[in-house]
Amino acid sequence: MEIIILPTPAEVGVAAAEAIARVVARKSDAVIGLATGSSPLNIYAELAGRVAADELDFSQTSGFALDEYVGIPLDHPQSYHSVIRTEVVEPLRMDPERVHVPDGRATDIEAACAAYEQAIRDAGGIDIQILGIGGNGHVGFNEPSSSFASRTRIKTLAPKTRADNARFFDSPEQVPTHCLTQGLGTIMDARRLVLVAQGEKKADAVAAAVEGPVASSCPGSVLQFHEHATVIVDEAAASKLRLADYYRYTYANKPDWQL
Ligand code: F6R
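Residues numbered from 1 in each chain as written. Predicted model: local features only at pLDDT ≥ 70, side-chain atom pairs only at ≥ 80, totals over all residues. Heavy atoms only, no water.

### Some thoughts on the side chain of Asn136
No. 1: Position of Asn136 relative to the elements: it lies in the loop between strand 6 (128–131) and strand 7 (153–156).
No. 2: With relative accessibility at 18%, the residue Asn136 sits in the buried group.
No. 3: Of note is the side chain of Asn136, whose polar atom sits 3.1 Å from the backbone nitrogen of His138. (Helix = DSSP H or I, 4+ residues; strand = E, 2+ residues; numbered from the N terminus. Buried < 20%, exposed > 50% of the residue type's maximum accessible area, 1.4 Å probe, protein only. Polar contact = N/O pair within 3.5 Å; in protein donor to acceptor, adjacent residues only side chain to side chain.)

### Re the sheet that holds strand 2 (residues 31–34)
No. 1: Spatially, seven strands are ordered 1-10-9-6-2-3-5 in an open sheet, and the strand pairing comes out parallel. In this open sheet, the two strands that pair with only one neighbour each are strand 1 (2–6) and strand 5 (99–100).
No. 2: Summarising the sheet, strand 9 (residues 193–197) and strand 10 (residues 229–234) pair through five bridges and their orientation is parallel. Looking at the pairing, Val196 lines up with Ile232 of strand 10. (Pairing = 2+ DSSP bridges.)

### What about the side chain of Thr36?
No. 1: As for its placement among the helices and strands, Thr36 is situated in the loop between strand 2 and helix 2 (41–52).
No. 2: For Thr36, a relative accessible area of 16% corresponds to the buried category.
No. 3: Sequence-distant contacts of Thr36, defined by excluding residues within four places in its chain, comprise Asp67, Tyr80, Val83 and Ile84. (Contact = heavy atoms within 4.5 Å.)

### As for the packing of helix 1 (residues 9–26) against helix 2
No. 1: It is at 8 Å that the axes of helix 1 and helix 2 come closest, and there the two elements cross at 60°. One element, helix 1, and the other, helix 2, form an angle in the oblique class. Pair helix 1 / helix 2 crosses with right-handed handedness. Contacts from Pro9, Ala10, Gly13, Val14, Ala16, Ala17, Glu18, Ile20 and Ala21 of helix 1 reach helix 2 at Asn42, Ile43, Glu46, Leu47 and Arg50.
No. 2: By residue class, the composition of the contact of helix 1 with helix 2 is nine nonpolar, two polar and three charged. (Axes fitted to C-alpha atoms, helices over the stretch in contact; angles between N-to-C directions. Parallel < 35°, antiparallel > 145°, perpendicular 65-115°, else oblique. Left-handed = near helix turned anticlockwise from the far one by under 90°. Nonpolar A, V, L, I, M, F, W, Y, C, P; charged D, E, K, R; others polar.)

### Notes on the environment of Val23
No. 1: Mapped onto the fold, Val23 is located in helix 1.
No. 2: On the basis of relative accessible area, Val23 is assigned to the buried category, the value being 7%.
No. 3: Along the chain, Val23 and Arg167 lie 144 residues apart, while their C-alpha atoms are 33 Å from each other.
No. 4: Beyond its immediate stretch of four places on either side in the chain, Val23 contacts Ala30, Asp127 and Ile128.

### A few points about the pairing of strand 3 (residues 62–65)
No. 1: Along strand 3, one buried face is formed by Ser62 and Phe64 and the opposite face, lined by Gly63 and Ala65, is buried too.
No. 2: Judged from the four bridges that link them, strand 2 and strand 3 form a sheet pairing that is parallel. Bridge pairing in strand 3 places Ile32 opposite Gly63.
No. 3: With helix 2 bridging strand 2 and its parallel neighbour strand 3, the resulting β-α-β unit is right-handed.
No. 4: Where strand 3 meets strand 5, two bridges bridge the pair, whose relative direction is parallel. Bridged to Gly63 within strand 5 is Val99. (Right-handed = clockwise from strand over helix to strand, strands pointing away.)

Structure, rendered in structure tokens:
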């Protein structure tokens, strides 16, 4: 796992955007795994700037969202359908037909989840997956105790996750209790993972994911088993990492051929 510590959230966004830009530059029809929430917003803003400057073209790329709430209308401003459209598809000028979000309104949830897995396979698999991490260590909405082999499925959101996400809703009760999420097995199938985290509130989860035992009590720790996982954090989110100096040293001495 590569761990990059940068001074500010803005620099985290630029570095992660650069990793995505490199993939798209090599493969114009790359398949990108899309996270929602606050953590990736700097990434999308940086990429949108490059698209506006005609330095990058996402028109041939495909996207797969990590997750979606169950039980809110598609056009609810906080449905991930809406969020992905306004934060990602429009600013990055992606083709809406190529961007997929799990169907949280499906009556046959199992079939909808199986269809999502099939759509990812049909697209050739995810080339680069953007991830945030929850304060409780979740990635996607794979809450603690999620199986490392899990595929896209319905999950109950942890009380902490609902409380954390209440900021996006008018009241805490409005945060849905359930979601559909790519499984940890689905996420681990992506060819590259880029996890970003900013702020002190993420410091414990980052330390557990990066330096703790690999355990389903911290779902993010599964990244330790991925061949190409990069964790990019600001100083505050890195503040509980025991080996922070070592990560700074390896990043400062990264060979050019690895960039
Ligand atoms: C979002 C997602 C979640 C978030 C996590 C952190 O699609 O899958 O794992 O990345 O809850 O959320 P923020 O970035 O809002 O702190």
